[in-house]
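Here is what each chain is made of, one letter per residue.
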Amino acid sequence: QVQLVESGGGLVQTGGSLRLSCAASGLPFSTSVLAWFRQAPGKEREFVAHITWGGSVTYYADSVKGRFTISRDNAKNTVSLQMNSLKPEDTAVYYCNTNPPRPNWGQGTQVTVSS
């Protein structure tokens with residue numbers, strides 16, 4: 001079983017910044033990609049960004065490209081998401097997981113961006 005604990009969410013005004021962190025345990029060494037997903041009220045969970053094990057290759061959803069930066073620390077088994085220039089459309093519960101995601105999801109961390 002994989003345990004994922006997200007933190008760092010909060011309330012921020014449009015244009016503000018937040019940094020999310022995820023502590024993961026129980027991930028096998030074969031895990032090569034970690035990712036952030038988000039789910040807004042009434043919406044399906046969607047992909048935000050992912051990063052390979054070595055950290056040299058990242059991929060972002062078009063909606064966040066240029067504004068969000070994903071990073072990971074393999075020694076600490078953590079993945080972070082620096083979110084800048086936040087928009088109301090970014091309001092969602094943010095989750096970390098592998099990509100493709102395993103069925104184990106954490107509680108997520110709420111990000112609310114006021115207009």
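Residues numbered from 1 in each chain as written. Predicted model: local features only at pLDDT ≥ 70, side-chain atom pairs only at ≥ 80, totals over all residues. Heavy atoms only, no water.

*Asks:* How do you make sense of the pairing of strand 5 (residues 46-52) when you look at a structure like this?
*Replies:* Strand direction decides the pairing type here: strand 4 (residues 33-39) and strand 5, joined by 6 bridges, are antiparallel. Counted as the bridge partner of R38 is E46 from strand 5. Two successive antiparallel strands, strand 4 and strand 5, enclose a turn made up of 6 residues, where G42 displays a positive phi of approximately 75°. Sheet analysis places strand 5 next to strand 6 (residues 58-60), joined by 3 bridges and oriented antiparallel. Across the sheet, H50 pairs through a bridge with Y59, a residue of strand 6. Between strand 5 and strand 6, which follow one another and run antiparallel, lie 5 residues, and G55 among them has a positive phi close to 80°. (Pairing = 2+ DSSP bridges. Helix = DSSP H or I, 4+ residues; strand = E, 2+ residues; numbered from the N terminus.)

*Asks:* What is the right way to read the pattern of salt bridges from this model?
*Replies:* Side-chain pairing between opposite charges can occur once the charged atoms of the two side chains come close. In this structure the tally under the stated criterion is 4 salt bridges. The salt bridge involving R38 is made with E46; its shortest N-O contact spans 2.7 Å. Relative accessible area serves as the criterion here: at 5%, R38 is assigned to the buried category. Here E46 falls in the partly exposed class, since its relative accessible area comes to 36%. In this structure, the salt-bridge partner of D90 is R38, at a minimum N-O distance of 2.9 Å. Taken together, the residues D90 in the loop between strand 8 (78-83) and strand 9 (92-98) and R38 in strand 4 connect sequence positions 52 residues apart. What emerges from the salt-bridge pattern is a single network uniting R38, E46, R67 and D90. (Salt bridge = Lys/Arg side-chain N within 4 Å of Asp/Glu carboxyl O. Buried < 20%, exposed > 50% of the residue type's maximum accessible area, 1.4 Å probe, protein only.)

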